[in-house]
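If you want the building blocks of each chain, they are given just below.
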Amino acid sequence: MPEPKKDNKNKNFILRLDADTMSAVEKWAADEFRSTNGQLQWIITEALRKAGRLPKRQR
């Protein structure tokens, strides 16, 4: 019997970065005590927010 689908907000994808960019992201993440994945999520979210591309937060 197949497992029921989980309600998962996160989507996985492959991201290819050149070695210098990846090293810079890893160092930035370490400087801010984040994982590399967390840092990339933060960078993307901030860029989308600044560009007005994210829906307004509901409180």
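Rules used throughout
Residues numbered from 1 in each chain as written. Predicted model: local features only at pLDDT ≥ 70, side-chain atom pairs only at ≥ 80, totals over all residues. Heavy atoms only, no water. Phe/Tyr/Trp six-rings, centres within 6.5 Å; stacked < 30°, edge-to-face > 60°. Helix = DSSP H or I, 4+ residues; strand = E, 2+ residues; numbered from the N terminus. Buried < 20%, exposed > 50% of the residue type's maximum accessible area, 1.4 Å probe, protein only.

## Considering the packing of aromatic side chains
Next up, step 1: For the structure shown, the criterion picks out one aromatic pair.
Next up, step 2: Measuring from centroid to centroid gives 5.7 Å for Trp 28 and Trp 42, while their planes differ by 90°, and the two rings are edge-to-face. You can see Trp 28 sitting in helix H1 (residues 19-31) and its partner Trp 42 sitting in helix H2 (residues 36-50), a full 14 residues away along the chain.
Next up, step 3: We classify Trp 28 as partly exposed; its relative accessible area is 35%.
Next up, step 4: Judged by relative accessible area, which is 32%, Trp 42 ranks as partly exposed.

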